[in-house]
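# Notes for the structure review
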Amino acid sequence: MPDRTRSEALFERACAVIPGGVNSPVRSFRSVGGHPYFVTHGEGAYVWDADGNRLLDFVQSYGASILGHAHPSVVRAVAEAAGRGTTFGAPTEGEVLLAEAICARVEGCQQVRLVSSGTEATMSAIRVARGYTGRSRIVKFAGCYHGHSDGLLAGGGSGVATLGLPDSAGVPAGAVAETVVAPYNLIPELDDQVACVIVEAVAANMGLVPPDAGFLEGLRSACDAVGALLIFDEVITGFRLSEGGASAWSGVRPDLWCFGKVIGGGLPVGAFGGRSDVLAVLAPGGPVYQAGTLSGNPLATAAGLTVLETLDTASYAALSGRVAGFAGQLQSLLTAALGKAEQVDGAGRPVEARVPVVGPLFGLFFVPAGSGQVRDYDGAEASATTGLYSRFFRAMLDRGVALAPGPYEVAFPSMAHGDAELADTLDVASEAIVDALAH
Ligand SMILES: *Cc1c(COP(=O)(O)O)cnc(C)c1O
């Protein structure tokens, strides 16, 4: 067992002054057991904890980092920007450059407004959709996470699902009264009260659940039929699956996009965008209010722009190719170990592993033998309740590989995860699964 003395001491101090010891519940180890490691620094694919242990990091700030930690170009861009002043409350060229870079890469996205988090992006996009259509109702999907604004905290994935809070205390019933939650991968019936349908085009907050063939196309036509707007929450998939994100990947064009994570290069940024005629409802030109003191912050735009300019079609293809091969091997070795240990689920059925991959993202589910890929939140939940993810997670962490501390998260290999890192991960996984099944 690695030494964790300093992390433990920091966590104890944190718990005294920070609720639960963490500033975002997904960072707590509640769902996997134990306490979080505290990070001192990172480089490329690795982070070091407060006790000096090196961890091969598949968390990568839940997808905010795609080049790997402390990429020299990003560090330089941020340092240079900081030297010029960190925030002004007046427009800067960096905002124009980042907006241009986003619109140039995402076909059909004509304008974007920058905000400081994914939560703000989705919250504001919904407000735009309601303002544009003059309707109140919104449709979201069970297991899709769209940040923590009141109206979207229903049937969430990620931390919400892990904590078993499908709705959060403190959210008045009225705030979600106009939010309809539908099962993922089923096209809901819409009517002319619906302002918008918001969806993770590839769901990545209930593990990794790709859309079935025809699902996104079906949403597009269902929205068109009733005059509702289609919103792709691409906070994870944007500039992650490919340069054009999930809309390029799927060929389906939404009316509004939400971005975050990758576009900030590790600093706080979000963006929402779409057709100019839709965004014309925003203040100052239109009646929909939206604002932010630090929106389009110079450090964040410098970091984000550097990331987008560093990536190209070839880098995405190379990473996706590496991960696809790796995921297949991981699935086979886990399934073989589960079979050898004669592992069964609560209903006595033999268990197999599923390692879904979309672009460079991969997930991990434990499912009854013979079942197909997980397609919705019920499937993800059934996998999580086997408890196998938590045991595997701890066995991996003890051996220096950091997966996300929860069964509803996905893994975020970065551009710095090369063949050597992925091969090491497979070696560690073959030991860790045996250990996990023995306990
Ligand atoms: C992370 C995430 C959000 C929220 O972004 P924050 O920056 O954490 O507020 C919204 N939607 C999706 C799909 C996400 O993964």
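Below is a summary of the structure that appears in this document. (Residues numbered from 1 in each chain as written. Predicted model: local features only at pLDDT ≥ 70, side-chain atom pairs only at ≥ 80, totals over all residues. Heavy atoms only, no water.)

### Some points on the packing of helix 14 (residues 388-398) against helix 15 (residues 419-438)
Packing of helix 14 against helix 15 leaves a shortest axis separation of 8 Å and a crossing angle of 125°. Comparing their axes, helix 15 and helix 14 come out oblique. Remark: the crossing between helix 14 and helix 15 carries right-handed chirality. Residues L388, R391, F392, A395 and M396 of helix 14 touch helix 15, and the partners they reach there are T425, V428, A429, A432, I433, D435, A436 and L437. Residues that form the contact of helix 14 with helix 15 fall into these classes: 10 nonpolar, one polar and two charged. (Axes fitted to C-alpha atoms, helices over the stretch in contact; angles between N-to-C directions. Helix = DSSP H or I, 4+ residues; strand = E, 2+ residues; numbered from the N terminus. Parallel < 35°, antiparallel > 145°, perpendicular 65-115°, else oblique. Left-handed = near helix turned anticlockwise from the far one by under 90°. Contact = heavy atoms within 4.5 Å. Nonpolar A, V, L, I, M, F, W, Y, C, P; charged D, E, K, R; others polar.)

### Points about the state of the cysteines
Using the criterion set out here, one finds zero disulfides in the structure. Between C103, a cysteine without a disulfide, and C109, which holds the nearest cysteine sulfur, the sulfur-to-sulfur distance is 4.5 Å. (Disulfide = S-S within 2.5 Å.)

### Comments concerning the site of the ligand
Taken together, S117, G118, T119, Y145, H146, G147, E200, N205, D233, V235, I236 and K261 form the complete shell of residues around the ligand. Taking Y145, its main chain carries an N or O atom lying 3.2 Å from a nitrogen atom of the ligand. When the free accessible area of the ligand is taken as 380 Å², the share hidden by the protein chains comes to 84%. A class-by-class count of the residues in the shell around the ligand yields three nonpolar, six polar and three charged. (Near = heavy atom within 4 Å. Polar contact = N/O pair within 3.5 Å; in protein donor to acceptor, adjacent residues only side chain to side chain. Areas by Shrake-Rupley, 256 points an atom, 1.4 Å probe, with all protein chains shown as cover.)

### Observations concerning the side chain of S250
Looking at the secondary structure, you find S250 in helix 9 (residues 245-250). Polar contacts involving the side chain of S250 include one to the main-chain carbonyl oxygen of A246, which spans 2.8 Å.

### Observations regarding the packing of aromatic side chains
On inspection of all chains with the given rule, the structure shows 11 aromatic pairs. The interplanar angle of 75° and the centroid separation of 5.3 Å between the aromatic rings of F29 and F393 together place this pair among those described as edge-to-face. Of the two residues, F29 is situated in the loop between helix 1 (5-17) and strand 1 (39-43) and F393 in helix 14; the sequence distance between them amounts to 364 residues. Overall, the relative accessible area of 1% leaves F393 in the buried class. Here a set of aromatic residues connected by ring pairs shows up, and it is made of F29, Y37 and F393. The residue whose ring lies beneath R54 is Y46, and the NZ or CZ to ring-centre distance is 3.9 Å. (Phe/Tyr/Trp six-rings, centres within 6.5 Å; stacked < 30°, edge-to-face > 60°. Buried < 20%, exposed > 50% of the residue type's maximum accessible area, 1.4 Å probe, protein only. Lys NZ or Arg CZ within 6 Å of the ring centre and 35° of its normal.)

### Examining the pattern of salt bridges
In the structure shown here, the tally under the stated rule is 12 salt bridges. As a salt-bridge pair, D212 and R375 come within 2.4 Å of each other at their nearest N and O atoms. A residue pair is termed long-range when its members are at least 10 positions apart, and D212 in the loop between strand 7 (194-199) and helix 8 (215-226) and R375 in the loop between strand 14 (365-368) and helix 13 (377-384) qualify at 163 residues. Classification of D212 as partly exposed rests on a relative accessible area of 26%. Here R375 falls in the partly exposed class, since its relative accessible area comes to 40%. The partner of R220 in a salt bridge is D255, with the nearest N and O atoms 2.9 Å apart. Of the two residues, R220 is situated in helix 8 and D255 in the loop between helix 9 and strand 9 (256-259); the sequence distance between them amounts to 35 residues. A residue is classified by how much of its surface remains accessible, and D255, at 6% relative accessible area, is buried. Where salt bridges share partners, they join R220, D224, D255, R275 and D277 into one cluster. (Salt bridge = Lys/Arg side-chain N within 4 Å of Asp/Glu carboxyl O.)

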